Amino acid sequence: MEGNFLQLSYALDTFYFLMSAVLVMWMAAGFAMLEAGLVRSKNTVEILTKNALLYSVACTMYLIVGYNVMYPGDPISAYLPNLSFFLGADNTVEAVIAGGEGAPYYSGMSDFIFQAVFAAATMSIVSGAIAERMKLWPFLVFAVVMTSVIYPMEGYWKWGGGWLDQLGFQDFAGSVVVHMAGAAAALAAVIMVGARKGKYGPNGEVHPIPGANLPMATLGMFILWMGWFGFNGGSELMVSNVDEANAVAAIFVNTNAAAAAGMIAAALLSKFMFGKTDLTMVLNGALAGLVSITAEPLAPTPGLAMFIGAIGGLIVVLSVVFMDKMKLDDPVGAISVHGTAGIWGIFAVLFSNADATFFGQLVGTVATFAWMFIASIIVLYIIDKTMGLRPTEEEEMEGMDMKECGMEAYPEFDHKS
């Protein structure tokens, strides 16, 4: 009887894990729609192609090597994992019904697919930040290295049992391990490729470059919001008993509360600062609230979750303005949403998680940022010298769609017709 119960519990937790992975996979559509809506029409096909292919590249490289780097069976040290390839066999019935501490309670394959879609989400952050001025195939070469080595290495340090985990660094679902990590790589890419032509004037003027399809961007935001329930909820890893089921429900409530408060706070600050309610700030406010609560979506009360999300929404507006002052061109605000809100979220853990320390959170944040930024800038430099990262000025003015893909997203509205 106990063996049957353990098998049923295993099946339920595996199913929950897989459905959470499906929700996170759906975030790939959210990133694609958000980014496609916030670029100019002449670059829409290219950014969609980037998002589609980066997902496939990420899943392929993570299957071949990335997962084993992030979760090595026998690491060399707390800093360096072993190198191995492809996946091993899944759990046996005997191992499951043996029960006790250390017995598997969900499928190893379900763990892989859940972690693979996280790797793809990390890479998606980069695509938005360098939109409209980075060539397709150099970007995909970077995606190969990013998802096979760079991201899995820092993921091992925390989630694979490496030195950051041993230090006590607390990051439940990835405010730093996923979101700030992706933003650090995106910042390296933005510095390498430079700003879009005409974005900044000679005296520091900022010239807005509106996106072509704000309804699409809004749809993308809601898809990401929906996917985040799997992102945070799935990270609980279990749902098969009363305590765990209640924990998952609390995570859903807190995740939703933080997003809603982040959106409202960003809307209010946008109205105060600009005299208008900027839709792009509103959208990014919700996403910043989601990033902020990701580091600890279980321990806070719903009220505290609202506070954490609201601060994230305020921070993202200020960060977008600061980025423009620094002439760091980020068409979708990815670095602000995932980077600055991610940093806020990791320190907000101190409000509700007694196991977190300021020192541990600081070291984890600095180490992750340094690794992701430095490794990314080195790889991007090599790619730039061998393949070139940026198209010519003429190609950029014509649009990346025709240069890279030979087609337009909206041919009926061709401005040359």
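Conventions we followed
- Per chain, residue numbering runs from 1 following the sequence as it is written.
- At least 70 in pLDDT is required for a residue's local features to be given in this predicted model, at least 80 for side-chain atom pairs to be given and counted, and no such filter applies to totals for whole chains, interfaces and linings, which use all residues.
- Excluding hydrogens and water, the side-chain values take into account all heavy atoms of the structure.
- Starting at the N terminus, helices and strands are each numbered in turn, a helix being any DSSP run of H or I of at least four residues and a strand any DSSP run of E of at least two.
- Three labels apply to residues, based on accessible area from a 1.4 Å probe with only protein chains included: buried if under 20% of the type maximum, exposed if over 50%, partly exposed otherwise in between.
- Definition of a polar contact: a pair of N or O atoms within 3.5 Å, with one able to donate and the other able to accept a hydrogen when the atoms are protein atoms, and with sequence-neighbouring residues admitted only if both atoms are side-chain atoms.
- Pairs of residues are marked as contacts when any of their non-hydrogen atoms sit within 4.5 Å.
- Salt bridge, as used here: a side-chain nitrogen of Lys or Arg that lies within 4 Å of a carboxyl oxygen of Asp or Glu.
- In these notes, a set of buried Ala, Val, Leu, Ile, Met, Phe, Trp, Tyr and Cys residues joined through side-chain atoms within 4.5 Å is what counts as a nonpolar core.
- Fitted lines through C-alpha atoms give the axes, limited to the stretch in contact for helices. The angle between two N-to-C directions lies from 0 to 180 degrees.
- Working rule for handedness: look at the near helix, and if it is turned counterclockwise from the far one by less than a right angle, call the crossing left-handed; if clockwise, right-handed.
- Residues were grouped as follows: Ala, Val, Leu, Ile, Met, Phe, Trp, Tyr, Cys and Pro as nonpolar; Asp, Glu, Lys and Arg as charged; and all remaining residues, including Gly, as polar.
- Here the word oblique covers every angle except those under 35 degrees (roughly parallel), over 145 (roughly antiparallel) and from 65 to 115 (roughly perpendicular).
- By this rule the span expected of a helix is its residue count minus one, scaled by 1.5 Å.
- The angle between axes fitted to the seven residues ending at a residue and the seven residues starting there is what we call the bend at that residue.

> How should the side chain of serine 127 be read in this particular structure?
Residue position: serine 127 is located in helix H4 (residues 108-129). Owing to a relative accessible area of 0%, serine 127 belongs among the buried residues under this scheme. At 2.8 Å, the side chain of serine 127 forms a polar contact with the side chain of glutamate 35. Excluding residues within four positions of it along the chain, serine 127 makes contact with Glu35, Ile47, Asn51, Leu54 and Phe139.

> For this particular structure, what's the right way to read the pattern of salt bridges?
When their charged atoms lie close together, side chains carrying opposite charge are able to pair. Applying the stated criterion across every chain yields a total of 7 salt bridges. The closest approach of N and O atoms between lysine 158 and aspartate 165, which form a salt bridge, is 3.1 Å. For the salt bridge of glutamate 395 with lysine 403, the shortest nitrogen-to-oxygen distance reads 3.1 Å. Looking at glutamate 395, the relative accessible area reads 21%, which means it is partly exposed. Take lysine 403: its relative accessible area is 37%, and that puts it in the partly exposed class.

> Which parts of the structure should I look at to understand the nonpolar core?
One broad rule of soluble globular proteins: the nonpolar side chains tend to lie buried together. Counting residues in each nonpolar core, the largest one holds 103 residues, and the members touching the most others are Val126, Phe142 and Phe231. For this core, the leading source of residues is helix H7 (residues 175-193), giving 13 residues. Filtering out sequence-adjacent residues up to four positions away, phenylalanine 142 remains in contact with Met123, Val126, Ile150, Ala185, Ser376, Val379, Leu380 and Ile383. Judged by nonpolar contacts, the second largest core, of 7 residues, contains Ala257, Ala258, Ile308 and Ala348.

> Can you help me understand the packing of helix H8 (residues 214-233) against helix H9 (residues 242-274) in this one?
Angle between the axes and distance between the axes: these two values describe a pair of packed helices. At a minimum axis separation of 9 Å, H8 and H9 run at an interaxial angle of 145°. Judged by the twist between their axes, the crossing of H8 over H9 is right-handed. Along its contact with H8, which presents Met221, Trp225, Trp228, Phe229, Asn232 and Gly233, the element H9 presents Val248, Ile251, Phe252, Thr255, Asn256, Ala259, Ala260 and Met263. For the contact of H8 with H9, the per-class residue count stands at 10 nonpolar, 4 polar and no charged.

> Please clarify how the packing of helix H12 (residues 334-348) against helix H13 (residues 358-386) should be interpreted in this entry.
For the pair H12 and H13, interaxial distance at closest approach is 9 Å and the crossing angle is 155°. Taken together, the axis directions place H12 and H13 in an arrangement best described as roughly antiparallel. Relative to H13, H12 is oriented so that their crossing is right-handed. Residues Ile343, Ile346 and Phe347 of H12 form the contact with H13, whose participating residues are Phe358, Gln361, Leu362 and Thr365.

> Is there a simple way to explain the environment of leucine 219 in this structure?
Counting through the fold element by element, leucine 219 comes out in helix H8. For leucine 219, a relative accessible area of 45% puts it in the partly exposed group. Separated by 188 residues in the primary sequence, leucine 219 and phenylalanine 31 have C-alpha atoms spaced 9.9 Å apart.

> What's the story with H8 in this structure? I'm lost.
Structural remark: α-helix, 3.6 residues per turn; residues separated by three or four positions point the same way. Helix length check: H8, at 20 residues, gives a terminal C-alpha distance of 29 Å against a target of 28 Å (1.5 Å per residue), a fit within 8%. Along H8, the largest kink reaches about 30° and is centred on glycine 227. With 14 of 20 residues buried, H8 lies mostly within the body of the structure. Between the side-chain oxygen of the N-cap and the backbone nitrogen of methionine 216 there are 3.0 Å, and the N-cap of H8 in question is asparagine 213.

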